[in-house]
Each structure stands twice: as C-alpha cells, then as structure tokens.
Amino acid sequence: MKIASHKVPALVFGVLIIFMALLMLGPRVPDNQQKENFIYNIDLPGPFGFSLNCDSPDFLFLAHNPWELLRKGNVRQDRPAFILLASAFAKIIPLSEQGKMARRVHIATRDRFAFYLPIYFFKYYASYILINVFILLGAFLFFSNLVFRERYCYFVQFSLAFLLIFNDVVKAFVWSPHTQMFNIMLPLFCLWCFIHVVDKSLFDRPFVFVLALLAGVGMTAYASFILVLPSIILPALVILVRQKELSMKKILYITLRSCIIGILVILPSALWYFYVISKTGSFYSHSTEAYHHVVWMKDAYQEGVMILLNKLFGNFSDLSVFAAKQSWILLLIIILMISSQADSSIQWKKIVRSTPFLGSVFILLIFLIFFSMVGMIVPRLAYTAVPPLIVLTAYFTQQFSCNKNTLTYRLIPFVIFFYGVYEIVKDGPYS
C-alpha cells in the first residue's frame, strides 16, 4: 500500500483525534475511587466524561496566575516552562476572562469535597491539551524521520507509528494538563540526536548548539531533557576514540564543543534559578524536598556503596519490568516478522552493529538508568524505553523480507489496530 507523504501527518492527526474522542467515554472510575487513583472525575453531557489527573488543577491555576511560580515553596517552581508556555498560548484562545462559574467538579484528595472552576479556566485547559497534541505530533515527526523509507515495508512502519498513540501514557494523561507526553516524544528526540551525530556529523554542525539550547529550555519544563546531553556527546566521544589517528587538536576541539553544548543545556535552568533567588531569596524543588528524588542516593551511599548499588539495580529491574509489560505487542510483531521469513537470511550481525540498533538500545538504557537514579519507579516513566523499541521494530522491518504478498504485511496493521481497541477498552491506567 502506498501512502502519499503529504497525507501522512493528517492521517496520524485524525487517528489521534479519534483515539482521544473514544477516551472521552466515561468517566470509568467510580467517584468513591477517585482518591486511590489520583484523579478527579469530570462529568460531561451524555455518555461522556473523563478523569483529570490530580496535578491538573495546579497546572491550570498557575497558567492563569504564572507569577505564583515565584511564591515561596511553590511545587512547580523548578519547572516553569511548560506552565509559561500554556499561559502564553492561552492568550490566543478566544475565551473571555469574565463569566459565571462552571459546573461543580467533585474532587477526592484528603477528604471528599467540591470546588468550582471559572469558565475562563477552560482557555488554559484547551491550551494544555493543544500542547499535548503538538508534542505527540512532534514524536511522530521524529519517528518518521528515523524510520520511514520509500521501501516495501513502508506501510508496516507507518502502522507501527500508531503505537505512539495507542499506549498507557496517552490514555492516562492526554486529557490532563501535565508533562507526561514528553515521555513519548523525548526518547525519540534523543535517538534522533544520537543517529544524526553518528551518521550525519551533527556534532560538527552549528545547529547542534541550537538543539542544546532548546534542550536547555526543555529542562525547565521536564528534567529528563538533560539526557539530550549524553545523546549528543557520548556518540561523538566514541567516534573520536575509534579514530586511528587521535591528535591533541582533535581532543581539544571535541572538548571545547562538548563544554559549550553542556553550558547551553544547563544555562536556562541556571538563569531561572538565579532569577527566582533574586526575587524571593530562595528556590524550592518539590521533587527533591518532598520525594527525595536523586538526593536519596546520598543517603543510600552513606549506608554503603553496596546498598546504593543494590537499590539502583532494584530500581532498574522494576522499571525494566514495567517497560516490558508495555511493549509486549512489539515482541509479538517481531515474532510475526521472523516467522514470515522463507529462509534464514536475516543478517543479525549487521543488525546489531547498525546505528539504529545501537542508538535505540543506548537511549532506552540511559532513560531507565536516569529514572533509576531519580528514584521514581512508576510505569509512565518506564514507558520512555518503549519509543526506542518501536523504532527498533520498524528498523527490523527494513531488514526482513516483508512485502505486500506476505501474511505479515497484511496482518501487522490489523494487530496494531486491535491493540488500539484493547488500549481503549481495558481497565486503566488512570494516572
């Protein structure tokens, strides 16, 4: 099947909108189970309704009142960019800031109570949801740049792209103002950087500094943007080490560029930190203060190096299990592709030495290691290992002899479609 390239984004957008609309059938969680699921049920007319993540009201309030980010002890103070972007984006949404109060929304946190959202808050809500959609479309663009080829397996690869939509992260968070869509797009961005450093000399081009600065701005929205740094620098260092003639000039060159890239990645966060300090005299990081993310390693180290290593390995193992549970569909697809081979001509040695294979494995590992060090062990963060595996599965289709006459070519798109149906109808996740 041939799909015109200019029609692909529109088709992906259409599937995303349909998937999001189907997620609106609900709410699926009884009101008395909101608290344990960390959600707020939103009832809409007819059979429609959805579950809002418990962090969302805070995101909405801050988008309407961004100066509150400077309030001492604000829980979003160390991640302002996502909120500021939504606040700016809302200004172009034509809803008045005057109006009556919205319908009652039932909440369950410490105790069951009700609160009201002003009508004009919906412009900020719409802003966040549009940003979520743009992030997902950005993930697709990175995916298509990495794997789409004008070859016989194009349709299978295109079908695999829908797994960036049919997943637990989208199901739980796409209708909530939250940063979780970055868990889908960011691993693909890092993989794109890795492959372009290895195959297209990205490290030597001026554009790498633009990417570093963009990653730095991203860090002020979501901390794992820091992983763009090793995705660019480490493959460049490996290329340097593998060179037969290693001169001091080359070492100084790569060291200087690496330092500049590192500074650009850190700079936006540093500027925001000093700005907040100058305005308030303090800086609050809720993730470290309340949840001891990252800093838990210091306490573990004081108990002994082996204690720290054991906890890190345990975190890594748990995240790996969570990732495996969310990627079983990819194993099924690979098995189908291998079983369709008429002979044993698969060149595994060539595959495992290829840039897409090495890059995908590298990116999924650094994300799992990063969140193991953070110490937040939840399925939605483990999902960051899945997008590289989707790319890897798509790469396999280029190496296998799958043409339009094989059962695999015809079956895989249907398998992915029914997986999307399964994602819609299954119970949870909700946060």
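Just so it is clear, the model here is predicted, and its values are computed rather than measured.

Brief notes about the packing of helix α8 (residues 182–200) against helix α17 (residues 355–374)
Part 1 of the argument: Between α8 and α17, the shortest axis-to-axis distance is 9 Å and the interhelical angle comes to 135°. In terms of their interaxial angle, α8 and α17 are classed as oblique. You can see that α8 and α17 cross each other, and the crossing is right-handed. For the pair α8 and α17, the contacting residues are N183, L186, P187, C190, L191, F194, I195, V198 and D199 in the first and T355, P356, L358, G359, S360, F362, I363, F367 and F371 in the second.
Part 2 of the argument: In terms of residue class, the contact of α8 with α17 is built from 13 nonpolar, 4 polar and 1 charged.

Side note on the packing of helix α10 (residues 228–242) against α17
Part 1 of the argument: Between α10 and α17, the least distance of the axes is 11 Å, while the angle of their chain directions is 135°. One way to sum up the angle between α10 and α17 is to call them oblique. You can see that α10 and α17 cross each other, and the crossing is right-handed. For the pair α10 and α17, contact is made by P230, S231 and L234 and by F362, I363 and I366, respectively.

Observations concerning empty space enclosed by the protein
Part 1 of the argument: The full count for this structure, using the stated rule, is 3 cavities of 30 Å³ or more.
Part 2 of the argument: Its volume calculated, the largest cavity comes out at about 170 Å³.
Part 3 of the argument: Along the walls of the largest cavity sit 16 residues, with L23, F50, S51, K171 and Y430 positioned nearest its centre.
Part 4 of the argument: Those elements that provide at least two residues to the lining of the largest cavity are β2 (49–53) and α7 (168–173).
Part 5 of the argument: For the lining of the largest cavity, the residue count by class is 10 nonpolar, 4 polar and 2 charged.
Part 6 of the argument: Space inside the second largest cavity adds up to approximately 60 Å³.
Part 7 of the argument: Together, V12, L16, L136, L137, F140, A161, F162, L164 and I165 line the second largest cavity.
Part 8 of the argument: Listing elements by their share of the lining of the second largest cavity, those giving two or more residues are α1 (8–23) and α5 (121–147).
Part 9 of the argument: Per element, the largest residue contribution to the lining of the second largest cavity is 3 residues, and it comes from α5.
Part 10 of the argument: Looking at the lining of the second largest cavity residue by residue, the classes come out as 9 nonpolar, no polar and no charged.

A closer look at the packing of aromatic side chains
Part 1 of the argument: In this structure the tally under the stated criterion is 23 aromatic pairs.
Part 2 of the argument: Summarising the aromatic geometry, the rings of F82 and F182 are spaced 6.0 Å apart at their centres and angled 70° between planes, so their arrangement reads as edge-to-face. Note that F82 is positioned in helix α4 (residues 81–90) and F182 in helix α8, a separation of 100 residues in sequence. F182 carries the same exposure label as F82, and that label is buried.
Part 3 of the argument: Judged by centre distance (5.1 Å) and plane angle (70°), the ring pair of F158 and F162 falls under edge-to-face.

Some points on helix α11 (residues 248–280)
Part 1 of the argument: With 33 residues, α11 should reach 48 Å at 1.5 Å per residue; the first-to-last C-alpha distance of 46 Å fits that figure.
Part 2 of the argument: The axis of α11 is deflected most strongly, by about 40°, at L267, and proline P268 appears within four residues downstream.
Part 3 of the argument: Of the residues making up α11, those classed as buried are I254, R257, S258, I261, G262, L264, V265, P268, W272 and V276.
Part 4 of the argument: Just beyond α11, the residue with positive phi is G281, at close to 85°.

The rules behind each value
Residues numbered from 1 in each chain as written. Predicted model: local features only at pLDDT ≥ 70, side-chain atom pairs only at ≥ 80, totals over all residues. Heavy atoms only, no water. Axes fitted to C-alpha atoms, helices over the stretch in contact; angles between N-to-C directions. Helix = DSSP H or I, 4+ residues; strand = E, 2+ residues; numbered from the N terminus. Parallel < 35°, antiparallel > 145°, perpendicular 65-115°, else oblique. Left-handed = near helix turned anticlockwise from the far one by under 90°. Contact = heavy atoms within 4.5 Å. Nonpolar A, V, L, I, M, F, W, Y, C, P; charged D, E, K, R; others polar. 1 Å grid on protein atoms, 1.4 Å probe; cavity = no way out; pocket = protein on both sides within 12 Å on 5 of 7 lines; lining within 4 Å. Points joined across faces, edges and corners; volume = space filled by probe spheres on them. Phe/Tyr/Trp six-rings, centres within 6.5 Å; stacked < 30°, edge-to-face > 60°. Buried < 20%, exposed > 50% of the residue type's maximum accessible area, 1.4 Å probe, protein only. Expected span 1.5 Å × (residues − 1). Bend = angle between axes of the 7 residues up to and from the residue.

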